[in-house]
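# Residue-level structural notes
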Amino acid sequence: MIIRHLEAGPLAVNCFIVGDEATRRAMVIDPGGDVPHILALLKDADLTCVTIFNTHTHFDHIGGNAELKAATGAELVTHPDEAARLGHVNAEAMLFGMAVPESPPADRTVVEGDRLTIGELTGEIVELPGHSPCGLAVLYPGHAFVGDALFAGSIGRTDFPGGSFARLTAAIREKLFVLPDDTVVWPGHGPRTTIGREKRTNPFF
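Basis of the calculations
- Residues numbered from 1 in each chain as written.
- Predicted model: local features only at pLDDT ≥ 70, side-chain atom pairs only at ≥ 80, totals over all residues.
- Heavy atoms only, no water.
- Pairing = 2+ DSSP bridges.
- Helix = DSSP H or I, 4+ residues; strand = E, 2+ residues; numbered from the N terminus.
- Contact = heavy atoms within 4.5 Å.
- Axes fitted to C-alpha atoms, helices over the stretch in contact; angles between N-to-C directions.
- Buried < 20%, exposed > 50% of the residue type's maximum accessible area, 1.4 Å probe, protein only.
- Salt bridge = Lys/Arg side-chain N within 4 Å of Asp/Glu carboxyl O.

Reading across the sheet, the 6 strands line up as β7-β8-β9-β10-β13-β14 and stay open at both edges, with mixed pairing between neighbours. Of all strands in the sheet, those with a lone pairing partner are β7 (115-118) and β14 (193-194), marking the two edges. Both strand β8 (residues 121-128) and strand β9 (residues 135-140) contribute to a ladder of 5 bridges, which runs antiparallel. Looking at the pairing, I125 lines up with V138 of β9. Of the strands in this sheet, β8, β9 and β10 (143-147) are in contact with helix α6 (residues 165-176), which crosses β8 at around 145 degrees.

Have a look at this one:
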């Protein structure tokens, strides 16, 4: 598995490129902006973006959806409860004094238990509600791309519409903390961490 990372958009979202070495097909997770840089990383790695995956649809995570989709023709995938917000994010962005391009609608929605296949890579979808109406993680052996659910030493904010501290912490315990301790956690902001480290040291648990 090929993993590339950049901080994208006005709030420095962690945007990840996950590529299949055999087929050179790739998924871009949470393109918050800076699409020319994303496209350059894809080209440098000889990867073709076939899927854009939004872990959730807060404005900072989807600012590059439209431009990246226009450039690649990739399908846009998120949770059905998140997809309903894709065309209505500028009101949210304006609360932060920002504006983002409106996203095109989702081409496909996924829920817990679904599989997301990129070339010969297949990831498992789990639902992590609480930071947003129903954020998603995609899990591969040894790797968890978790959006804004879990951070190094913290968790996602739960004071946004659709947020719930109880739901978020329960989902993390039940769906992430059951993973092997050496699983690398790739969060939506900040440095990567591991499941074991967060179980031992995260003050919310």
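So, about the pairing of β10. Across the 5 residues that make up β10, a large majority, 5, are buried. Side-chain alternation along β10 places H143, F145 and G147 on one buried face and A144 and V146 on a second face that is also buried. Bridge count between β9 and β10: 3 bridges; the pairing is antiparallel. When the sheet's bridge partners are listed, V138 is paired in β10 with F145. Here β9 folds back onto β10, and the loop between the two strands holds 2 residues, one of which, G142, carries a positive phi near 85 degrees.

Pairing is mixed in the open sheet, where 6 strands are placed in the order β1-β2-β3-β4-β5-β6. In this open sheet, the two edge strands, each paired with only one partner strand, are β1 (2-8) and β6 (108-109). Looking at chain direction, strand β4 (residues 48-53) and strand β5 (residues 75-78) are connected through 3 bridges and run parallel. Note that in β5 the partner of F53 across the bridge is V77. Packing against the sheet, helix α3 (residues 65-72) makes contact with β3 (25-29), β4 and β5, and its axis sits at approximately 150 degrees to β4.

Throughout the structure, instances matching the rule amount to 5 salt bridges. Across the salt bridge formed by K69 and D107, the nearest N and O atoms sit 2.7 Å from each other. Of this pair, K69 sits in helix α3 while D107 sits in the loop between α5 (90-94) and β6; the two residues are 38 residues apart in sequence, bridging distant segments of the chain. The exposure class of D107 is partly exposed, given its relative accessible area of 44%.

Following the sequence through the fold, N65 ends up in helix α3. Excluding residues within four positions of it along the chain, N65 makes contact with P31, I52, N54, L76, L86, S103 and P104.

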